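Fold and geometry: a report
Spelled out from the first residue to the last, the chains are:
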Amino acid sequence: METEAPAALTEDMRKTNQNTRPVLVTGGTGKTGRRVAERLHDLGRPVRVGSRSGTPPFSWEDPATWEAALQGVGDLYLSYQPDLAVPGASETVGRFARTAADLGVRRIVLLSGRGEEGALAAERAVAEASAEWTVVRCSFFAQNFSESFLLPQVLAGELALPVGGVEEPFVDADDIADVAVAALTGEGHAGAIHEVTGPRALSFAEAAEEVSDATGRTVRYTELTHEAFAAALEGEGLPPEIGDLFAVVLDGRNARTADGVQEALGRTPKDFSVFARQAAATGVWNP
Ligand SMILES: NC(=O)c1ccc[n+]([C@@H]2O[C@H](COP(=O)([O-])OP(=O)(O)OC[C@H]3O[C@@H](n4cnc5c(N)ncnc54)[C@H](OP(=O)(O)O)[C@@H]3O)[C@@H](O)[C@H]2O)c1
């Protein structure tokens with residue numbers, strides 16, 4: 001005769017089963033994904049990197065790669081490429097989230113941006129697809145200066161952007177990853193939008209000064225026209241929408257700080273000056 005397992009035991013068994021299934025980390029070698037993957041690994045959670053160089057390879061442009069990447073996956077960290085602001089991003093993200101949910105993926109944690117229509121549409125698409133979603137809605141990453149498109153400018157000693165004196169509460173990717181991992185592994189984050197920023201807003205000229213202080217090398221801010229910035233992006237092979245995105249999200253609408261790190265983790269976020277000192281200590285700005 002078959003007997004039913006007690007409810008509490010069934011719940012424990014479900015959780016154990018969930019925790020032995022890998023977390024798919026899309027962009028798992030990128031600025032936030034790499035940090036999410038490292039933290040999950042340290043917690044003993046199996047991780048599968050979702051990227052074109054992953055095993056199996058995963059590409060946002062090739063839906064034929066999606067099912068294999070999602071097979072057997074328990075939870076998902078969803079970081080889209082190249083940016084949620086590009087046309088068609090929310091449709092692609094929605095389609096991927098629905099495929100994930102259909103294949104039994106439970107939690108979906110979406111990396112999103114602030115004050116931008118494409119990001120909001122992607123958030124809605126994930127919320128519609130998944131029963132257990134969390135949004136990590138971020139300000140401008142501090143690591144853009146050390147691991148991304150602003151690094152060559154820092155190395156050249158000139159930060160040339162069309163952003164005037166607008167202030168931005170730069171957020172550290174370590175904080176983003178901590179919040180994402182809390183949402184993937186902890187309780188109480190389902191249906192939450194964690195709006196994460198650094199603890200204070202500063203202008204790009206002030207950020208350049210802080211980088212200068214940390215490195216001992218002068219990095220100056222220079223004002224660029226939007227046209228010259230668009231041409232520079234094109235020269236680096238970046239989509240033109242990134243230039244448009246700058247004009248939208250760096251018009252002052254995102255200058256206020258938000259308390260997502262405190263809300264999700266019960267601690268304050270990392271300050272830009274601490275980021276600058278830590279990045280300088282890695283030698284990335286003095287190769
Ligand atoms: N930067 C910001 O300030 C900011 C602020 C708010 C929100 N966001 C959002 O953050 C997201 C980017 O996150 P991130 O900065 O952590 O990523 P990232 O550093 O740009 O990530 C690069 C990763 O994506 C993979 N990748 C690149 N192209 C791919 C493709 N076509 N298909 C599949 N994988 C691909 C790369 O691996 P392979 O090369 O092996 O494929 C690598 O693992 C964007 O959606 C953006 O909207 C950014």
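Report follows, based on the coordinates. (Residues numbered from 1 in each chain as written. Predicted model: local features only at pLDDT ≥ 70, side-chain atom pairs only at ≥ 80, totals over all residues. Heavy atoms only, no water.)

**Points about the packing of helix H8 (residues 204-215) against helix H12 (residues 272-282)**
- Here H8 crosses H12 at 40 degrees, and the two axes come no closer than 9 Å. Taken together, H8 and H12 sit at an angle that is classed as oblique. As for how H8 packs across H12, the hand of that crossing is right-handed. Contacts between H8 and H12 involve Ala207, Glu210, Val211, Ala214 and Thr215 from the first element and Phe272, Ser273, Ala276, Arg277 and Ala280 from the second.
- Tallied by class, residues from the contact of H8 with H12 come to six nonpolar, two polar and two charged. (Axes fitted to C-alpha atoms, helices over the stretch in contact; angles between N-to-C directions. Helix = DSSP H or I, 4+ residues; strand = E, 2+ residues; numbered from the N terminus. Parallel < 35°, antiparallel > 145°, perpendicular 65-115°, else oblique. Left-handed = near helix turned anticlockwise from the far one by under 90°. Contact = heavy atoms within 4.5 Å. Nonpolar A, V, L, I, M, F, W, Y, C, P; charged D, E, K, R; others polar.)

**A word on H12**
- Among the residues making up H12, those that are buried are Phe272, Phe275, Ala276, Ala279 and Ala280. End-on view of H12: buried residues confined to an arc of 130 degrees, all on one side of the axis. Across H12 from its buried face, at more than 90 degrees, point the exposed residues Arg277 and Ala281.
- Here the buried face of H12 lies against strand S9 (202-203) and H8. (Buried < 20%, exposed > 50% of the residue type's maximum accessible area, 1.4 Å probe, protein only. Arc of directions from axis to C-beta.)

**Digging into H8**
- In this model H8 runs 16 Å from its N-terminal to its C-terminal C-alpha over twelve residues, within 8% of the 16 Å that 1.5 Å per residue would give.
- Tucked into the core, H8 has its buried residues touching helix H6 (151-156), strand S6 (158-161), strand S7 (167-168), S9, strand S10 (220-223) and H12. (Expected span 1.5 Å × (residues − 1).)

**Here we look at the nonpolar core**
- Among the nonpolar cores identified, the biggest contains 32 residues, and Phe145, Phe204 and Trp285 are the most heavily contacted of them.
- Going through the elements one at a time, H6, S6, H8, helix H9 (226-235), helix H10 (241-249) and H12 are the ones with two or more residues in this core.
- For this core, the leading source of residues is H12, giving five residues.
- Apart from the residues lying within four places of it in its own chain, the contact partners of Trp285 are Phe145, Ser146, Leu151, Val154, Leu155, Val211, Thr215, Arg217, Phe275, Ala276, Ala279 and Ala280.
- The next biggest cluster of nonpolar side chains, apart from the first, holds 26 residues, and it includes Leu78, Ala89, Ala97 and Leu110. (Core = buried A, V, L, I, M, F, W, Y, C linked by side-chain atoms within 4.5 Å.)

**Examining the site of the ligand**
- Close to the ligand lie 27 residues; Thr29, Thr32, Arg52, Ser53 and Tyr80 are nearest.
- The side chain of Thr29 places a nitrogen or oxygen atom 2.6 Å from an oxygen atom of the ligand.
- Separating an oxygen atom of the ligand from a side-chain N or O atom of Arg52 is a distance of 2.7 Å.
- About the coverage of the ligand: the protein hides 85% of its 920 Å² of free accessible area.
- At a threshold of 2 Å from the grid points, most atoms of the ligand map onto the largest pocket.
- Elements with a contribution of two residues or more to the shell around the ligand: helix H2 (31-42) and strand S4 (107-113).
- Of all the elements, S4 adds the most residues to the shell around the ligand, at three residues.
- Grouping the amino acids of the shell around the ligand by side-chain chemistry returns nine nonpolar, 14 polar and four charged. (Near = heavy atom within 4 Å. Polar contact = N/O pair within 3.5 Å; in protein donor to acceptor, adjacent residues only side chain to side chain. Areas by Shrake-Rupley, 256 points an atom, 1.4 Å probe, with all protein chains shown as cover. 1 Å grid on protein atoms, 1.4 Å probe; cavity = no way out; pocket = protein on both sides within 12 Å on 5 of 7 lines; lining within 4 Å. Sits in = over half its atoms within 2 Å of the grid points.)

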